[in-house]
Amino acid sequence: MKTYTDYFFDEPAFDLHDGGYVPLEVSDAPAKPLNVPPLLKPDKETATDVYYTVTAEAGETQLLPGPKTKTWGYNASLLGQTIVYRRGQHVHVTLKNALPEVTTFHWHGADVSGPYVDGGCHAPVYPGESKQIDFTLNQPATTLWLHAHPCPETAEQVWHGLAAMVIVKDDHEESLPLPRNYGVDDIPVILQDRRFHENNQWDYRADYDPDGVAGPTVMINGTVNPYFDVTTQKVRLRFLNGANRREWRLHFSDDLPFTQIGGDGSLLPEPVSLTHLMMTCAERDEVIVDFGQYHEGDEVTLFTDDVPILKFRIHAFKPDHSQLPDKLFTVNAPAVDPALPIRHVVMQGMDESVAIDGKKFEMQRIDATQPIGKAQYWDVTNSNEAPGMVHPFHVHGTQFLVLSRNGHAPYPNEHGYKDTIGVNPGETVRLLVRFDLPGVYMYHCHILEHEDGGMMAQIETFDPNKPKQEYKLMDMDTLMKALAKERGVKPSELWMGGMQSYEKMGMKM
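Cut-offs applied
- In every chain, residue numbers begin from 1 and rise along the written sequence.
- In keeping with the model being predicted, local features are shown solely for residues with a pLDDT of at least 70 and side-chain atom pairs are shown and tallied solely at 80 or more, while totals for entire chains, interfaces and linings include all residues.
- Values reported for side chains reflect all heavy atoms of the structure, with hydrogen atoms and water molecules removed beforehand.
- Residues belong to a common nonpolar core when they are buried Ala, Val, Leu, Ile, Met, Phe, Trp, Tyr or Cys residues joined through side-chain atoms within 4.5 Å.
- Think of it in three bands: residues with accessible area under 20% of the maximum for their type are buried, residues over 50% are exposed, and the middle band is partly exposed, with areas taken using a 1.4 Å probe on protein chains only.
- Only DSSP runs of H or I reaching four residues or more are called helices, and only runs of E reaching two or more are called strands; each is numbered from the N terminus.
- Contacts between residues were defined by any pair of non-hydrogen atoms, one from each residue, lying within 4.5 Å.
- Whether two strands pair depends on DSSP finding at least two bridges between them.
- Here an axis means a line fitted to C-alpha atoms, over the contact stretch when the element is a helix, while the angle between two N-to-C directions is reported on a 0 to 180 degree scale.
- Under the convention used throughout, the expected extent of a helix is 1.5 Å for every residue step, that is, one less than its residue count.
- Residues adjacent in sequence count toward polar contacts only when both atoms are side-chain atoms; beyond that, a polar contact is any pair of N or O atoms within 3.5 Å, and within protein one must be able to donate a hydrogen and the other to accept it.

If you had to explain the nonpolar core to someone new, which residues and values would you point to?
By size, the foremost hydrophobic cluster in this structure holds 42 residues, and its most contacted members are L237, F239, F291, I309 and F312. The dominant element in this core, judged by the number of residues it contributes, is strand β23 (residues 307-314), at five residues. Those residues in contact with F291 that sit more than four places away from it in its chain are V230, Q233, V235, L256, V300, F312, I314 and F317. Ranked by size, the runner-up nonpolar core spans 29 residues in total, among them V91, V93, W107 and L146.

Pulling in residues and values, what's your account of the sheet that holds strand β33 (residues 456-462)?
Sheets are built from strands paired through backbone hydrogen bonds, the pairs being either parallel or antiparallel. Strand order in the open sheet made by the five strands is β26-β33-β32-β28-β30, with mixed pairing throughout. Each end of this open sheet is capped by a strand with a single partner; those strands are β26 (368-371) and β30 (420-423). Looking at each pair of strands side by side, their axes are set apart by 25° on average, direction ignored. Pairing between strand β28 (residues 391-395) and strand β32 (residues 439-445): three bridges, direction antiparallel.

Mind laying out helix α5 (residues 476-487), listing which residues take part and the relevant values?
It helps to recall that an α-helix has 3.6 residues per turn; residues three or four apart then point in one direction. Given a rise of 1.5 Å per residue, 12 residues ought to cover 16 Å, and the 16 Å separating the end C-alpha atoms of α5 matches this to within 8%. Restricting attention to buried positions, one finds in α5 the residues M476, L479, M480, A482, L483 and A484. On the buried face of α5, the contacting elements are α6 (497-504). Capping of α5 at its N-terminal end is provided by D475; its side-chain oxygen lies 3.2 Å from the backbone amide nitrogen of D477. Count one or two residues on from α5 and you reach G488, which has phi positive near 70°.

Go over the environment of H394 with me, naming the residues and quoting the values.
Position of H394 among the secondary structure elements: in strand β28. When its relative accessible area of 0% is taken as the criterion, H394 is described as buried. A distance of 3.4 Å separates the side chain of H394 from the side chain of H108, its partner in a polar contact. Side chain to side chain, H394 and T420 meet in a polar contact 3.4 Å long.

Residue-level account of unusual backbone geometry, with values.
Geometrically, the link from G114 to P115 is a cis peptide bond, its omega value of 5° lying close to zero. Examined against the element boundaries, P115 turns out to sit in the loop between β9 (106-108) and β10 (130-136). Omega for the peptide link from C151 to P152 comes to -5°, which places this bond in the cis form. In the Ramachandran plot, N221 falls in the positive-phi region, its phi being about 55° despite a non-glycine side chain. Following the sequence through the fold, N221 ends up in the loop between β14 (217-220) and β15 (226-230). Under the relative-accessibility criterion, N221 is labelled buried at 1%. Phi at D255 takes a positive value of approximately 50°, unusual for a residue other than glycine. By relative accessible area, D255 is classed as partly exposed at 42%.

Summarise the side chain of E427; cite the residues concerned and give the values.
Looking at the secondary structure, you find E427 in the loop between β30 and β31 (428-433). Within the structure, E427 has its side chain in polar contact with the side chain of R405 (distance 2.8 Å).

Talk me through the pairing of strand β4 (residues 49-61); I want residue IDs and the actual numbers.
Note: strand β3 (residues 44-45) against β4, two bridges, orientation antiparallel. In the sheet register, E45 faces β4, and the bridge partner there is V50. Here β4 runs beside strand β8 (residues 90-98); their pairing, made up of nine bridges, is parallel. Each bridged residue has a counterpart across the sheet, and for T53 the counterpart in β8 is T94. Examined bridge by bridge, β4 and strand β5 (residues 69-74) share six bridges and lie antiparallel to one another. The residue bridging T61 from the neighbouring strand is T69, located in β5.

Summarise the pairing of strand β22 (residues 299-304); cite the residues concerned and give the values.
When you tally the buried positions in β22, you get five out of six residues, the bulk of the element. Where strand β17 (residues 248-252) lies against β22, three bridges are found, and the strand directions are antiparallel. Across the sheet, residue F252 finds its bridge partner in β22, namely L302. Pairing between β22 and β23: six bridges, direction antiparallel. Note on β23: the bridge partner recorded for E299 is R313. The antiparallel hairpin formed by β22 and β23 contains two residues in its connecting segment, where D305 sits at a positive phi of about 50°.

Could you give me a rundown of the environment of F258, with the residues and numbers involved?
One can find F258 in strand β18 (residues 258-262). Judged by relative accessible area, which is 3%, F258 ranks as buried. Distance from F258 to H315, taken between C-alpha atoms, is 19 Å for residues 57 residues apart in sequence. Excluding residues that lie within four positions of it along the chain, F258 makes contacts with L250, F252, V272, S273, L274, T275, H276, L277, V287, I288 and V289.

Give a description of the sheet that holds β31 that names residues and reports values.
Spatially, the five strands line up as an open sheet ordered β25-β24-β27-β31-β29, and their pairing is mixed. The open sheet has two edge strands with one neighbour each: β25 (355-356) and β29 (401-405). Pairing between strand β24 (residues 343-348) and strand β27 (residues 376-382): five bridges, direction parallel. What sits directly across from V345, in β27, is V380.

I'd like a rundown of the environment of Q89, residues and numbers included.
The topology assignment puts Q89 in the loop between β7 (83-86) and β8. Residues Q89 and E45 lie 44 residues apart in sequence; the distance between their C-alpha atoms is 9.9 Å. If we ignore the near neighbours within four places in the chain, the residues touching Q89 are E45, T46, T48, D49, V50, F135, T136 and L137. Looking at Q89, its side chain comes within polar contact range of the side chain of E45, at 3.0 Å.

The structure is reproduced here in structure tokens:
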């Protein structure tokens with residue numbers, strides 16, 4: 001198997017070249033064991049159905065020595081307990097908001113109906129309120145995530161800590177010789193960064209940058225300076241780029257090769273051997289690391305660029321001679337409907353000028369339509385001139401296939417299903433997109449400050465054989481009045497980072 005040794009993306013566009021780039025610094029906090037979020041226990045479970053309660057709540061978390069940091073999380077003070085869904089099982093979720101302000105619960109990467117179950121900005125849950133949703137996931141085993149999505153407040157709420165991992169299981173994945181003992185050899189790795197201000201607190205407004213908020217301190221699963229005790233030869237790492245802006249360029253000490261087995265929405269068709277892996281915002285990559293060449297007492301370090309971020313402390317382990325199969329997953333690409341034209345989507349601008357197709361997002365405007373069950377080409381262009389920046393493009397409510405980059409083959413680790421794709425400056429990426437459920441869905445840049453600043457649009461999917469559905473779409477006035485009331489200020493005094501982008505461009509959401 002060939003081992004790839006570069007990051008694939010255009011080097012001049014890496015975020016470290018941005019004028020506002022925040023370099024990472026190694027914290028002087030003491031090393032701590034990597035926090036592995038517990039699995040969320042179902043309220044009840046039958047052969048066909050499972051019931052969960054997911055509560056968004058405020059708390060305090062000991063991140064650094066000294067005062068605790070005020071944080072938000074799902075069933076936790078920070079981030080969240082990991083939620084497990086099984087393909088084909090009917091899921092019932094009670095969404096509870098114990099926060100001081102309105103939020104939403106977005107199931108990023110889940111093939112669920114929109115807009116209410118999907119949990120974008122049209123599915124508000126107000127403080128003290130509970131809502132019930134239910135759905136059946138008919139998608140392959142993979143790693144998804146849950147995060148807040150109340151436009152234009154998504155970035156700040158995720159920065160507060162509202163991000164949790166979601167694992168989808170199925171029979172096929174369980175038939176393969178893969179590590180899957182959660183917390184032992186199957187580990188979530190949620191990559192984020194923060195800046196700590198006075199008394200170890202976060203201050204989103206002080207850190208605000210319309211091109212994406214970043215901080216100098218790495219936080220993985222809510223742990224600063226983490227280490228993980230390796231007790232098995234092979235470890236499966238489920239990487240999630242949960243940062244607002246930062247790209248992660250991952251590699252191990254000794255340039256230790258690792259094997260990528262999965263992406264956003266499925267296993268890869270074939271395992272891919274790498275020494276370097278770049279992740280843009282919101283992407284997930286599952287890799288297997290084989291520590292067989294190391295011995296008890298050794299230490300292996302995971303870096304991003306040249307900054308150490310996670311240490312693996314090697315303990316005694318039994319030899320593992322298992323072999324990955326050459327084929328992991330079969331992609332059944334749908335045929336494109338020739339009656340559907342190619343959809344052209346252009347991501348434009350930087351800072352406050354960001355837009356899609358020359359327009360900023362409006363909550364009650366539908367920008368595109370597509371019939372369900374029919375596949376269509378989407379040509380997604382990043383119109384930034386080089387060196388520009390990489391824009392990660394995300395579509396709600398579906399998993400797409402990446403067909404080409406500027407007419408050439410996708411990167412070697414992009415051949416499975418995906419929902420987020422980094423697009424280089426001046427590049428057009430062709431996607432094969434099919435929706436299976438009717439609804440209203442957003443598509444946007446997943447640099448969170450860009451989506452809040454208007455680099456987002458909406459598509460309505462419909463069943464051509466049924467009457468058109470009507471959806472109650474959230475409007476900006478209702479949201480602003482609610483937030484102002486919850487914060488005890490006048491609507492005119494309300495500060496939201498994304499609104500500055502609209503004001504500077506003389507636009508309304």
